[in-house]
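An overview of the molecular structure
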Amino acid sequence: MDLTPPLARPRILPFQRFDSIRNRILVFAVLATLIPSGITLGISYVQNRHALEEKITQDLLSESVQTARAVGVWLKERLYDLRVFAGSEEVANSLQQAAGGSTTTPTRGRLREYLVSLHERFSDFEQLVVLDVQGRVLATSLPVVTPVQLPADWLERLRADRQAVGEAYWDSKAGKGKLIIAVPVLHADGRLLGAFAAELNLAPLHELLRSFARDSSGAIYLLSTAGALIASSDFLSSQLLATILPADVFESLITREDGVSPYVSYRGQEVVGTLKRVPQVRWAVVAEISANTAFQQVRRFRDFALLVVTLLLIAAAASAYRLGLLIARPLDRLTKGAAEVARGDLAVDLPAGGAGEVGYLTSVFNHMVSRLRAGRRELDDINETLRLKNEELERLSVTDGLTGLANHRALMQRLDAEGVRFSRTQRPFSVLMADVDHFKQYNDTFGHPAGDEVLKKIAAILRDATRTMDCAARYGGEEFAIIMPDTAIAGAMHVAERIRARVDAADFPGRKITLSIGVAEFPKDADTPQAILAVADEALYRAKRGGRGRVVQAGKTVKAKS
């Protein structure tokens, strides 16, 4: 029996709340360690990260500015050389003659010799070319004429900017990255006669960018204002020159030109970088560094701070736990013992708690538990007696007191159950209704005690002739009923005839006793379980009217005895 007060149960176990002494000590120790150390380390982490971000920003800005300036100087020197070359009278005269209709061979003539001599003295140029305003090659420093990849608007650029810089491309035959630059050739009156162009090798740009890159974790690359890559400090290849920086990344870098932006680089790494435009040309330099490398120092500090906080928490928790054990162990034993008693376990026997109030409280607790155990044993004995009485009452409520068969109430309950089972299994059952013939006369002649003995003997025959799954019941007075599950009418008729024959052959005091029986099958003979009793009862009375001492099937004609 559970003696626990229902309202007291939520307050039984100490680990379900934080108002125990040990839990309070533990929580206080954890908070006293976590709050100051966490705040201190958190502030230090934020300050270190902010300082590191400022340093990274300054370093990247310095790299990008210096690189952009160096690239601008490199390109400016090449353009300056071209302007000097273009100022030759030979170049202007050749273009004027071409404009007047004279034709020249690009790989022959004085102009070509001039270009070849320049090419031999200046190794920075892969090729020198003179073009007219229609873009035709008048002379080249190479033995053969090759296409010159100038931008579509090169004439407009020459007039507006006095220079034209083409897009970077990869020369698969030479295995080099190249770039075309050009300066205008002007008449004395300012008219544009043509262009003096040069083909540059991008390898010097690659070396220049690599000289400014801090280490392998960072990269510097040159790109056009359209986002197309021109050169990189990492490598130079056809794949690089075919790469275009994503529009959102390029827009972010342009917007924050004097600041640092986080993004995913063309190499697929998470980086932080900054952009700086190259003076006097439509180029920009991007300096970037791996985000993992950039913030490695602050991450180490963060990991170290977390380790320190964790170790402090472990030390504080261990100390608080030890202190809690020393202070609260006796009380904890009492609390656990009370919890076990509340759950119904009265086999609790706490060790002596020592001297003082706790020892006295432990002694009182053990005495209380022993009294509860004695009370439980008495209560268990009472409950067992009540259980046996209840079982007896339950048996009597469904059993006929005279015959020991099921009574009318139990019969009706079983009938309802068989109806439910039929709706689930669709298996038929049969009902037998039996009545002792001339029983009133027997009682009047031999007395009621002799009649009771007849009923008991017939009940014994019914029990012996039926199965354990069948329900044999005293329906009322000298009338009996049998419910036979999973039995069709033919089987029920066979059992009924066997019962009738045994009663007919039995030896009763005074005179012979016979039994009339009516048999019906559900659902063949009735639509409801209650109606099947009436059908079997009607067959019983037809057996009575037909001469008694016989078995009659529902719906069959009864022949009178001869």
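See the structure above.
Described below are features of the structure shown in this document. Computed from a predicted model, the values in this text were never measured in an experiment. (Residues numbered from 1 in each chain as written. Predicted model: local features only at pLDDT ≥ 70, side-chain atom pairs only at ≥ 80, totals over all residues. Heavy atoms only, no water.)

Details of the sheet that holds strand S10 (residues 270-277)
Strand order in the open sheet formed by five strands is S8-S7-S11-S10-S9, with antiparallel pairing between adjacent strands. Strands at the two margins of the open sheet, each flanked by one partner only, are strand S8 (229-232) and strand S9 (261-264). With strand direction ignored, the average angle separating the axes of adjacent strands in the sheet is 35°. Two elements, S10 and strand S11 (residues 283-290), share seven bridges in a ladder whose sense is antiparallel. Directly across from Lys276, in S11, lies its bridge partner Val285. Of the strands in this sheet, strand S7 (218-224), S8 and S11 are in contact with helix H5 (residues 203-212), which crosses S8 at around 55°. (Pairing = 2+ DSSP bridges. Helix = DSSP H or I, 4+ residues; strand = E, 2+ residues; numbered from the N terminus. Axes fitted to C-alpha atoms, helices over the stretch in contact; angles between N-to-C directions. Contact = heavy atoms within 4.5 Å.)

Structural notes on the environment of Glu479
In this fold, Glu479 is placed in strand S14 (residues 479-485). Overall, Glu479 belongs to the buried group, its relative accessible area being 11%. Separated by 46 residues in sequence, Glu479 and Met433 have C-alpha atoms that sit 7.3 Å apart. Sequence-distant contacts of Glu479, defined by excluding residues within four places in its chain, comprise Met433, Ala434, Asp435, Arg474, Asp537 and Leu540. (Buried < 20%, exposed > 50% of the residue type's maximum accessible area, 1.4 Å probe, protein only.)

Describing the sheet that holds strand S16 (residues 551-553)
The mixed open sheet is built from five strands, whose spatial order is S13-S14-S12-S15-S16. At either end of the open sheet lies a strand with only one pairing partner, and these are strand S13 (471-476) and S16. Sheet twist, expressed as the average angle between the axes of neighbouring strands with direction ignored, equals 20°. The sheet contact formed by strand S12 (residues 429-436) and S14 spans seven bridges and is antiparallel.

What about the packing of aromatic side chains?
This model, assessed by the stated rule, comprises six aromatic pairs. Ring centres of Phe85 and Phe125 lie 6.0 Å apart, and the angle between their planes is 75°; on these two criteria the pair is classed as edge-to-face. Of the two residues, Phe85 sits in helix H1 (residues 21-86) while Phe125 sits in strand S1 (residues 125-132), which places them 40 residues apart along the sequence. With a relative accessible area of 4%, Phe85 lands in the buried category. Judged by centre distance (4.7 Å) and plane angle (40°), the rings of Tyr442 and Phe446 are tilted. With Tyr442 and Phe446 both in helix H12 (residues 439-446), this residue pair falls four residues apart, about one helical turn. Members of the aromatic cluster, connected to one another through ring pairs, are Phe85, Phe122, Phe125 and Phe196. (Phe/Tyr/Trp six-rings, centres within 6.5 Å; stacked < 30°, edge-to-face > 60°.)

As for the nonpolar core
Counting residues in hydrophobic clusters, the biggest one holds 55 residues, and the most contacted among them are Val71, Leu82, Ile181, Phe196, Leu205, Leu222 and Trp283. The dominant element in this core, judged by the number of residues it contributes, is H1, at twelve residues. Leave out the neighbours within four places in its chain, and Ile181 touches Leu75, Arg78, Leu79, Leu82, Ala164, Val165, Phe196, Ala197, Ala198 and Leu200. Residues Leu432, Tyr442, Ile461 and Ala492 belong to the second largest nonpolar core, which totals 31 residues. (Core = buried A, V, L, I, M, F, W, Y, C linked by side-chain atoms within 4.5 Å.)

A closer look at a nonpolar patch on the surface
Taken together, the side chains of Val27, Leu31, Ile35, Ile39 and Ile43 present a nonpolar region at the surface, about 430 Å² in accessible area. The exposure class of Ile43 is partly exposed, given its relative accessible area of 46%. (Patch = residues over 30% accessible without salt bridge, like charges linked within 9 Å, V, L, I, M, F, W, Y side chains within 5 Å. Areas by Shrake-Rupley, 256 points an atom, 1.4 Å probe, with all protein chains shown as cover. Salt bridge = Lys/Arg side-chain N within 4 Å of Asp/Glu carboxyl O.)

A short note on unusual backbone geometry
Geometrically, the link from Phe522 to Pro523 is a cis peptide bond, its omega value of 10° lying close to zero. Assignment of secondary structure puts Pro523 in the loop between strand S15 (515-522) and helix H15 (529-545). Although it is not a glycine, His438 sits at a positive phi angle of roughly 55°. With respect to the element layout, His438 can be found in the loop between S12 and H12. Even without glycine at this site, Asp486 takes up a positive phi of about 55°. Structurally, Asp486 can be placed in the loop between S14 and helix H14 (489-505).

A word on the packing of helix H11 (residues 408-425) against H15
Contact geometry of H11 with H15 gives a least axis separation of 9 Å together with a crossing angle of 120°. Taken together, the axes of H11 and H15 lie oblique to each other. Along its contact with H11, which presents Met412, Leu415, Asp416 and Gly419, the element H15 presents Pro529, Gln530, Ile532 and Leu533. Of the residues contributing to the contact of H11 with H15, the split by class is five nonpolar, two polar and one charged. (Parallel < 35°, antiparallel > 145°, perpendicular 65-115°, else oblique. Nonpolar A, V, L, I, M, F, W, Y, C, P; charged D, E, K, R; others polar.)

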